[in-house]
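Commentary on secondary and tertiary structure
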Amino acid sequence: MSMSVPEAAAVLGRSPQRVRKLAASGALRGHRIGKSWVLEKQSVAEAASQVRSSGRPLAPARAWGALDILAGGEARWLSPSARYQVRTILRSSRLKNDSVWSAVFAAAWSQREMSCHPGVIDAVRKDPRVLEVGAAVASRYGLDLLAGRSPAGLVVGQNDLRQLCEDYLLEAARSSDAIAVVVYVPAWDDAIRLLRNDAHVIQLVVAMGLLKSPDPRARIAGQAAFASARQRLIRTS
């Protein structure tokens, strides 16, 4: 199958002029018809994989799109070319370990180490503005990990974070007698809506949090969840 230069440029995130130079140098396989290049679709896919699979982070909307696609969704907020590129990245054989997965999704959210009084932690977890995604709930979402002593992981929308901190006196972690919590603030505005409507995406968000855990068992469980989702994507593509 073949692609035009503008189509390849959209997939690669490059200018048409740069794509023509890549074709002329042999970096992209294709042939000329008159003054125009016709490129091999597989060659463009391989180039797209090389652009991102080395661990460069996806932009926030694409990162959440990748999570949705891995969970069986369509990421319809992305353009067709962006979805094609994200699928190509997810099929890359370089996505093999926790550090690469973590790097690819690094821009999905900001992470804040915080603490709260032991007497309010249960109320924080049950607050409707909060979605708990830490190791304590990993087994609830089908991940092979028993709850340990890891800090609670909480996803909170940017618009709710300030009021939540005021309501429960959440603050930067520094007190030895306080309960540590890790607050994840999505960098994409519609992430909370997506999470509240799709448990499969929540499973991968829980796994994403585990990838950076100091506990090697948690990292293994997180990596296994992503590897399984990736294999399902490859089988159904």
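Above this text sits the structure in question.
Quick notes on the rules
- Residues numbered from 1 in each chain as written.
- Predicted model: local features only at pLDDT ≥ 70, side-chain atom pairs only at ≥ 80, totals over all residues.
- Heavy atoms only, no water.
- Pairing = 2+ DSSP bridges.
- Helix = DSSP H or I, 4+ residues; strand = E, 2+ residues; numbered from the N terminus.
- Core = buried A, V, L, I, M, F, W, Y, C linked by side-chain atoms within 4.5 Å.
- Buried < 20%, exposed > 50% of the residue type's maximum accessible area, 1.4 Å probe, protein only.
- Contact = heavy atoms within 4.5 Å.
- Salt bridge = Lys/Arg side-chain N within 4 Å of Asp/Glu carboxyl O.

Let us look at the pairing of strand 4 (residues 109–116). Moving residue by residue along a regular strand, the side chains alternate between the two faces of the sheet. Here strand 4 runs beside strand 8 (residues 179–186); their pairing, made up of eight bridges, is antiparallel. In the sheet register, Arg-112 faces strand 8, and the bridge partner there is Val-183. Relative to strand 7 (residues 171–172), strand 4 is paired through two bridges, and the arrangement is antiparallel. From the neighbouring strand, Ser-115 faces strand 7, where its bridge partner is Glu-171.

So, on to the nonpolar core. Grouped together as the largest cluster of nonpolar side chains are 51 residues, with contacts concentrated most on Trp-64, Leu-67, Leu-70, Leu-90, Phe-105, Val-205 and Phe-226. Of all elements in the fold, only helix 4 (60–70), helix 5 (80–90), helix 6 (98–104), strand 8, helix 9 (191–197), helix 10 (199–210) and helix 11 (216–236) reach the threshold of two or more residues within this core. Top element by residues in this core is helix 10. It accounts for eight residues. Among all residues touching Phe-226, those that are not within four sequence positions of it are Leu-67, Leu-70, Trp-101, Phe-105, Leu-204, Ala-207, Met-208 and Leu-211. By size, the runner-up hydrophobic cluster in this structure holds 16 residues, among which are Cys-116, Ile-121, Leu-154 and Cys-165.

Tallied over the entire structure, the rule returns eight salt bridges. With a closest N to O distance of 3.7 Å, Arg-162 and Glu-166 form a salt bridge. Taken together, the positions of Arg-162 and Glu-166, both in helix 8 (residues 158–168) and four residues apart, correspond to about one turn of that helix. Overall, Arg-162 belongs to the exposed group, its relative accessible area being 67%. Given the relative accessible area of 46%, Glu-166 is considered partly exposed. Taking the shortest distance from any N to any O, the salt bridge between Asp-215 and Arg-217 comes out at 3.1 Å. The exposure class of Arg-217 is exposed, given its relative accessible area of 58%.

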